[in-house]
Structure formats: structure tokens, C-alpha cells
Amino acid sequence: MTRTKAGTRAVVRCEACGRTEPKWLGQCPECGAWGTMVEQPARAGERRDPAGARGAAAPVGELVAQPIHAVAGDERDRARTGIAELDRVLGGGLVPGSVTLVGGEPGAGKSTLLLQAADALARQGRTALYATAEESRAQVRLRAGRLDTLHPGVLLAAVTTTDDVVALVDHHQPDVVIIDSVQTVRDEDAGGVAGGTSQVRAVAAALVALAKGRGVATLLVGHVTKDGSVAGPRVLEHLVDVVCELGGEAQHALRLLRATKNRFGATGEVGCFEMTGAGLRGVADPSAVFGGRSEPGTAGVARTVALEGHRPLLAEVQALAAASSLTQPRRVATGVDGTRLALLLAVLDKRAGLPVGARDVYVASVGGLTLAEPAVDLAACLAVASSETERPLPDRGVLLGEVGLAGEVRPVPRTADRLAEAARLGCESALVPTAYDGPDAGLSVQRVRTVSEALAVALQPPAGAAGAVG
Ligand code: TYD
Ligand code: MG
């Protein structure tokens, strides 16, 4: 491939991802899209490979290769934000020249989190430029006052175009730039309506080029709506280095930040925050929050250990089974999957002889945690059974297992880690599938083959007298 001098000759640019090539190709080598390569004049400083090597592109005539260890790029170059839960998700901090997309529904707390991150970075002597296109400077200033994020190292500017951002970055040379949001900034070289797919892509491509060219770590806010009416971060995912999503149940203060893509670290990392009157506060020990605060001996309460990304979290499932006056009994699932609940109730009815088929059943997770894994099946089943029979489960016990249609209790991934987390938080006993042959983490572990067996073992006498599993 012959290299053309950027900025002097026409290039072919992929409309989907911004990749440029010296000659026309049917398929983009970067994102694999077909028919998206369009001839355009090259922009000065544009990177030919937005996703590849970091650092400046080798100019013509200076093309060199170096021993790999001599190439710049060291773990120590990462800028820790100082917000532990954010750094955990980023894989240790922000890499210079990297682009991180922070997605989430409106109101999730993206602006709050990034303003707090800007302030935390400034406190460590870095300059953070917060470029707002969505809110006025006064609005951001007001929020910063409430959050007490007024460190002079945080520079605030209102921008409307990508050229504004480029000019500001060139003038102030910040270490980190935050763009709030990618949907409200315009790129004047691109067509399309503001916030539309082609605009959002063009804006992101220009900001990626800026980040790589100047070595400035860039954070982009991107709104995602449930109905997808705004061109969301989905179209940008292959353009950026890190994608994380801030989410949580609207009625709860809990916010989880998950990395779904990370070129510099593991995905599956999860950061836990609580939205307070003074912004987002990291929750260092989320298990302690979700792990149940119910009165000992309460029927209808079961504990399990769920996985959020890589992180085992002690979680509580509550159930209420009540007489129904409806021909179609009511089934309400909050924080657990409704279809899964229907299946588990059928299994309880048919395989374990528990007549819940005609009962109204409500099942909820505690604290706004979404328990989407089958590993929590056994806990959900036993919470319902406990409520139905008015017999409590052991106060300091956890239940792990997927439940099959035949009523069998199936193994779940990372059982040993889950048991260790339960033990760490003071649990004493556990029910696990028979297939589990790993360590017991100091718990009194009992293996069960079926849901019926689990009911026989775990349900305590109705009086609420305490007792260990088994
Ligand atoms: P915001 O960061 O504006 O969300 P996003 O940028 O993702 O749209 O804040 C979201 C919500 O958080 C907002 O409805 C108000 C609430 N909030 C607090 O509860 N405490 C606070 O200190 C702040 C700044 C916001
Ligand atoms: Mg916002």
C-alpha cells in the first residue's frame, strides 16, 4: 500500500468508522462494512488507522519499526482518575490518546460522574477540559457548586462544533477532555441532522483523530434511549477504545458502570455507585448493600451470590405468595426475569408439589440489583416456597443453582468465588448443586440434586427457630 501525504491528496474515507485508505475499496478493512468507502479530501493530521497504533502517524520518509519494548506506551502512563470505582472499570485509569465512550440513558448520571472525574483528575495536578454542548456553562457551574467540584484545574467551555473542541485543546493542552455530549456537538464538514447517525459518526471520528493526534485522553458522553430514537453509542463502539455504560433502576440510587469494550483492560469490570445529594459516591462493598437487611427469621427471603461482570455480589431475593382473586393469578417480577419466574413457579408446582399455580406471586431483588443469571433460580424458588409455607430459610445461608424443567438443580459458573464472597460477608451455610466439587470456603456446604430436596433441607420450622442448613 502506498502512503499518501495526509492533507495533500484526496483519500477514501469509510463513512461508517472514519478509516481512511489511499484508494477505493469495496469493504472497509477497519469495520468490515461494504460500500461505505467514499472519496474525500484528507484533513491535516488525520490518522490513517484510528483503531490501531497509538501515537503520531509516521510521516512519509520516516516510516520506522522499533523493538516492541522501545515503543512508547506504558502502564505507568495511565492517568488514575482517583475515583476507585471508575478506575476499576477503565482497567486502572485513562490511557493518553484513548477515547472512552460513556453511554447511558438520560438521567443516569453521566454528566455528574464525568464532572466528578474532572475534579478528581485536577486534584492530582492534571488539567481537565469539560466541553459542554448540551447544557449551558452556567448550568454546569451550578452543578459543580453542588458537587463541590470547583478545582481550578477543571476548565469549562461551551462548544457547538468539533472545530471548537480542536481549538480549545490546542490552546489549553489539557491532559483529559470531556465532551458532553457526542450527540449535541456538530461536525461542520459532515452533512445530516444534528444528533443523527452520520453527524454522530463524523463528530466521533473527528474527536478520535484529535485524541490520537494530540495524545489527549478523551471521554465522550453518549445518550442511549430505550427506543433508540437518538443515534446512540452503538454506532460508535468500533471507533472508540473503551465503551462503558452507566445504568441502574430509575427508582433506586444504585448506579452500575460496566465496561463492554476495553482495548486496555478486561471487560466485565463493574463499578458500583450510589447517587446521593452530593453526586455519585463509590460503593466499595456493594455486597453489604444488597446482601439483605431483612429481619432474621422472615419467611420469603432468600440469599444468593450473583455475578455482576466479574464481581460476585451477595444479593437478596424476596417473595410473597398470596391468595389470588383473579382467574389469571398475578405474577410480578422486579429485578428478576418475569419469564424465568413463570417457569420456576411451574417447576415448584409440578416437580416439588408446592401448589403455587393459582397464587399471586411477587418476587423482587433488593436494592435495585438486576438478577438476570440462572444461578439465582434456586434462591428465587426457595424464596417463593418459604413465603408459601411461612417457613423461613436459614438467616446466614446462601443458595446457588440453576433450576431445570425437570426440577433438577444445575451447576453455576464460579461457585467457589461466590461461596468465598458469602463467607466474607458472614454467611455460614450454603446449598449448592451436587455437581460442585470445589472448596467450601469455610461454609457448611450441602449439595442438593433437586428443588424438592432443597426444600426439604432448607425450609426451617414455621416458628422461625434458627438452625443451620441440614
Ligand atoms: P445527570 O448527571 O445530569 O445525568 P445524565 O448526564 O446522565 O443525563 O444527573 C442525573 C440525575 O441525578 C438527575 O436527575 C439528578 C440526579 N442528581 C442527584 O441526585 N444528585 C446530584 O448531586 C446530582 C448532580 C444529580
Ligand atoms: Mg448530562
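Look a little higher up for the structure.
If you're wondering where the values come from, they're calculated on a predicted model, not measured in any experiment.

J.: Residue-level account of the overall build of the protein chain, with values.
T.: Looking only at helices and strands, the protein chain has 10 helices and 21 strands in total. Counting over 470 residues, the protein chain shows a buried share of 49%. Look at the contacts in the protein chain between residues 6 or more apart in sequence, and 66% of them connect residues 24 or more apart.

J.: Residues and numbers for the pattern of salt bridges, please.
T.: Evaluated as defined, the whole model comprises 21 salt bridges. One salt bridge in this structure joins Arg359 and Glu388, with 2.8 Å as the shortest N-O distance. Taken together, the positions of Arg359 in the loop between helix H7 (338–351) and strand S16 (360–365) and Glu388 in helix H8 (residues 377–389) put the pair 29 residues apart, joining distant regions of the chain. Overall, the relative accessible area of 23% leaves Arg359 in the partly exposed class. Put simply, Glu428 and Arg396 hold a salt bridge, and the shortest N to O gap is 3.9 Å. Placement of the pair is Glu428 in the loop between helix H9 (415–424) and strand S20 (429–433) and Arg396 in the loop between H8 and strand S17 (397–399), with a sequence separation of 32 residues. Among the charged side chains, a salt-bridge network with shared partners connects Lys212, Asp241 and Arg263.

J.: Can you lay out the pairing of strand S5 (residues 128–132) for me, pointing to particular residues and giving the numbers?
T.: Across the five residues that make up S5, a large majority, five, are buried. Side chains Ala128, Tyr130 and Thr132 of S5 all project onto a buried face; the interleaved residues Leu129 and Ala131 project onto the opposite face, where all are buried too. As paired strands, S5 and strand S6 (residues 154–158) are joined by five bridges and run parallel to one another. The residue of S6 that forms the bridge with Tyr130 is Leu156. Handedness of the crossover joining S5 and S6 through helix H3 (residues 137–147): right-handed. Here S5 pairs with strand S7 (residues 176–180) via five bridges, running parallel.

J.: Please set out the side chain of Ser98 residue by residue, giving values where relevant.
T.: When you line up the elements, Ser98 lands in the loop between helix H1 (84–90) and strand S4 (99–104). Among the polar contacts listed, one links the side chain of Ser98 to the backbone oxygen of Val95, at a separation of 2.6 Å. Beyond its immediate stretch of four places on either side in the chain, Ser98 contacts Ala211, Lys212, Val216, Ala217, Thr218, Asp241 and Phe264.

J.: Help me get a handle on H3, residues and values and all.
T.: Of the positions making up H3, those classed as buried are Val140, Arg143, Ala144 and Leu147. Projected down its long axis, H3 carries its buried residues within an arc of 100 degrees, all on one side. Turned more than 90 degrees from where H3 packs its buried face, Ala138, Leu142 and Arg146 sit exposed. Each element contacted by the buried residues of H3 is listed here: helix H2 (110–123), S5, S6 and strand S12 (279–282). Of the residues flanking the end of H3, it is Asp148, one or two places downstream, whose phi is positive at about 60 degrees.

J.: Report on the site of ligand 1, specifying residues and quantitative values.
T.: In the neighbourhood of ligand 1, 16 residues make up the surrounding shell, with Gly107, Lys110, Ser111, Thr112 and Thr276 lying closest. Separating an oxygen atom of ligand 1 from a side-chain N or O atom of Ser111 is a distance of 2.7 Å. Between Arg143 and ligand 1, the recorded distance is 2.9 Å, taken from a side-chain N or O atom to an oxygen atom. Here ligand 1 has 550 Å² of accessible area as a free molecule, and 73% of this is covered by the chains. Of all the elements in the fold, those that place two or more residues in the shell around ligand 1 are H2, H3 and strand S11 (270–276). Partitioning the shell around ligand 1 into residue classes produces five nonpolar, seven polar and four charged.

J.: Outline the sheet that holds S17, supporting the account with residue identities and numerical values.
T.: Note: strands within a sheet are paired through backbone hydrogen bonds, in either parallel or antiparallel orientation. Taken together, three strands build an open sheet; the order of strands is S17-S20-S21 and the sheet is parallel. Looking along the sheet, the strands with just one partner apiece sit at the ends: S17 and strand S21 (444–448). Strand-to-strand twist of the sheet, defined as the mean angle between neighbouring strand axes without regard to direction, takes the value 20 degrees. Helix-sheet contacts for helix H10 (residues 451–458) involve S20 and S21, and the interaxial angle to S21 is about 145 degrees.

J.: Go over the sheet that holds strand S9 (residues 242–247), please, and point to the residues and values.
T.: Pairing is mixed across the open sheet formed by nine strands, whose spatial order is S6-S5-S7-S8-S4-S9-S10-S11-S12. Of all strands in the sheet, those bounded by a partner on one side alone are S6 and S12. Going from strand to strand, the sheet's axes swing by 25 degrees on average, the running direction of each strand aside. Inspection of the sheet shows S4 paired to S9 by four bridges, in the parallel sense. The residue of S9 that forms the bridge with Val102 is Cys244. Here H3 sits on the sheet and contacts S5, S6 and S12; the angle it forms with S6, its principal contact strand, is near 150 degrees. Against the sheet, helix H4 (residues 162–172) touches S5, S6 and S7, its axis set at about 155 degrees to S7.

J.: I'd like to hear about the nonpolar core, residue by residue, with values.
T.: Membership of the largest hydrophobic core comes to 47 residues, with the highest contact counts inside it found for Leu348, Leu378, Leu382 and Leu431. Within the residue set of this core, elements represented by two or more residues are strand S10 (254–262), S11, strand S13 (301–308), strand S14 (311–322), H7, S16, H8 and H10. The dominant element in this core, judged by the number of residues it contributes, is H8, at eight residues. Mapping this core onto the domain boundaries places at least three of its residues in each of domain 2 (84–284) and domain 3 (288–458).

Cut-offs applied
Residues numbered from 1 in each chain as written. Chains lettered and ligands numbered in written order. Predicted model: local features only at pLDDT ≥ 70, side-chain atom pairs only at ≥ 80, totals over all residues. Heavy atoms only, no water. Helix = DSSP H or I, 4+ residues; strand = E, 2+ residues; numbered from the N terminus. Buried < 20%, exposed > 50% of the residue type's maximum accessible area, 1.4 Å probe, protein only. Contact = heavy atoms within 4.5 Å. Salt bridge = Lys/Arg side-chain N within 4 Å of Asp/Glu carboxyl O. Pairing = 2+ DSSP bridges. Right-handed = clockwise from strand over helix to strand, strands pointing away. Polar contact = N/O pair within 3.5 Å; in protein donor to acceptor, adjacent residues only side chain to side chain. Arc of directions from axis to C-beta. Near = heavy atom within 4 Å. Areas by Shrake-Rupley, 256 points an atom, 1.4 Å probe, with all protein chains shown as cover. Nonpolar A, V, L, I, M, F, W, Y, C, P; charged D, E, K, R; others polar. Axes fitted to C-alpha atoms, helices over the stretch in contact; angles between N-to-C directions. Core = buried A, V, L, I, M, F, W, Y, C linked by side-chain atoms within 4.5 Å. Domains from an automatic or database assignment.

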